[in-house]
Amino acid sequence: MLGRVLLCARPVSTTLPALTRPLTHSTPHMDPGLGGRPVETAIRTKLAGALEPEHLEVHNESHMHAVPPGSESHFRVLVVSPRFDGLSLIQRHRLVNEALREELSSCVHALAIQAKTPAQWGSNPSVAKSPPCMGGSKGDHSVDQKLTAGRE
């Protein structure tokens, strides 16, 4: 288990190939470029490289869940890409999931995806809101004790 946690904390490689074209719009959240958010940075880099989006948003929503402060486990992404033209919603989600296969198999617990074509985004540039966390240990007030015990 510790190996998986450490895997999630590793920095993103600085040798990643440069993007072939700049993003039209990319919204950084929580300073992803400062090295303090390696998973968020990896998500942003991989989606940009694989899908060449015209618009990309990556939101770390971990703070809305019962996880330790600073966690990178729950994300919402909005990807607007011409690569989605002619694809069903499930096919679009599969492309996103494939690009993030490593993160989804290790440290990302939840990923909410909005995958739109440029035409869809042009006619409705709205971002879905996440519902409040209702599951897991959100209502369990002994989580801090359990986390502390797990570290000992």
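Residues numbered from 1 in each chain as written. Predicted model: local features only at pLDDT ≥ 70, side-chain atom pairs only at ≥ 80, totals over all residues. Heavy atoms only, no water.

Chemist: Just checking my understanding: could you explain the overall build of the protein chain for this structure?
Modeler: Scanning the protein chain from N- to C-terminus turns up 6 helices and 4 strands. Reading the secondary structure of the protein chain in the N-to-C direction produces α-β-α-β-β-α-α-β-α-α. Within the protein chain, contacts between residues separated by at least 24 positions form 66% of all contacts whose residues are at least 6 apart in sequence. Carbon and sulfur atoms make up 59% of the accessible area of the protein chain, which amounts to about 9,100 Å² in all. (Helix = DSSP H or I, 4+ residues; strand = E, 2+ residues; numbered from the N terminus. Contact = heavy atoms within 4.5 Å. Areas by Shrake-Rupley, 256 points an atom, 1.4 Å probe, with all protein chains shown as cover.)

Chemist: I would appreciate a short explanation of the pattern of salt bridges in the present structure.
Modeler: It is possible for side chains of opposite charge to pair when their charged atoms get near one another. In the structure shown here, the tally under the stated rule is 5 salt bridges. Lys46 is the partner of Glu103 in a salt bridge, and the nearest nitrogen-oxygen pair spans 2.8 Å. With Glu103 in helix α4 (residues 101–104) and Lys46 in helix α2 (residues 38–51), this pair connects stretches of sequence that are 57 residues apart. Taking the relative accessible area as the measure of exposure, Lys46 reaches 28% and is therefore partly exposed. (Salt bridge = Lys/Arg side-chain N within 4 Å of Asp/Glu carboxyl O. Buried < 20%, exposed > 50% of the residue type's maximum accessible area, 1.4 Å probe, protein only.)

Chemist: What should I look at first to understand unusual backbone geometry in this one?
Modeler: The phi torsion of most residues other than glycine is negative, and most of the peptide bonds are trans. At Glu52, a residue that is not glycine, the phi angle is positive and equals roughly 45°. Secondary-structure assignment places Glu52 in the loop between α2 and β2 (55–60). Assessed through its relative accessible area of 34%, Glu52 is described here as partly exposed.

Chemist: Please clarify how the confidence of the model for the protein chain should be interpreted in this entry.
Modeler: Segments scoring low in pLDDT should not have their predicted coordinates read at a detailed level. Counting all residues, the mean pLDDT for the protein chain is 77, and 64% of those residues have values of 70 or more. Here residues 1–7 is modelled with pLDDT under 50, and outside its nearest four sequence neighbours on either side it reaches 4 contacts, counting other chains as well. Long-range and interchain partners of residues 9–34, a stretch whose pLDDT sits below 50, account for 41 contacts in this model, where long-range means more than four residues apart. (pLDDT = per-residue confidence, 0-100.)

Chemist: Please explain the environment of Val108 as it appears in this structure.
Modeler: Here Val108 lies in the loop between α4 and β4 (110–116). On the basis of relative accessibility, which here comes to 7%, the residue Val108 falls in the buried class. In sequence terms Val108 and Ile43 are 65 residues apart; their C-alpha atoms lie 9.9 Å from each other.

Chemist: What is the right way to read the side chain of Glu72 from this model?
Modeler: Tracing the sequence through the fold places Glu72 in the loop between β2 and β3 (74–80). One buried charged side chain, Glu72, makes no salt bridge at all; its nearest oppositely charged neighbour is Arg37, positioned 4.9 Å away. A polar contact is formed between the side chain of Glu72 and the backbone nitrogen of Val39, at a distance of 3.2 Å. Within the structure, the side chain of Glu72 is placed 2.8 Å from the backbone nitrogen of Glu40, a separation counted as a polar contact. Beyond its immediate chain neighbours, meaning those up to four positions away, Glu72 contacts Gly36, Arg37, Pro38, Val39, Glu40, Asn60, Ser62 and Cys107. (Lys, Arg positive; Asp, Glu negative; His and termini not counted. Polar contact = N/O pair within 3.5 Å; in protein donor to acceptor, adjacent residues only side chain to side chain.)

Chemist: Would you mind showing me how to read the environment of Ile113 here?
Modeler: Considering the arrangement of structural elements, one finds Ile113 in strand β4. For the pair Ile113 and Asn97, spaced 16 residues apart in sequence, the C-alpha to C-alpha distance is 9.1 Å. Sequence-distant contacts of Ile113, that is, excluding residues within four places in its chain, are made with Val77, His93, Val96 and Asn97.

Chemist: Would you take a moment to explain the pairing of β2 for this structure?
Modeler: Residues in a regular strand point their side chains to alternate faces of the sheet. With 6 of 6 residues buried, β2 lies mostly within the body of the structure. Of the two faces of β2, both are covered, the one formed by His55, Glu57 and His59 as well as the one formed by Leu56, Val58 and Asn60. Pairing analysis gives 6 bridges linking β2 to β3, with the strands arranged antiparallel. Across the sheet, Asn60 pairs through a bridge with Phe75, a residue of β3. (Pairing = 2+ DSSP bridges.)

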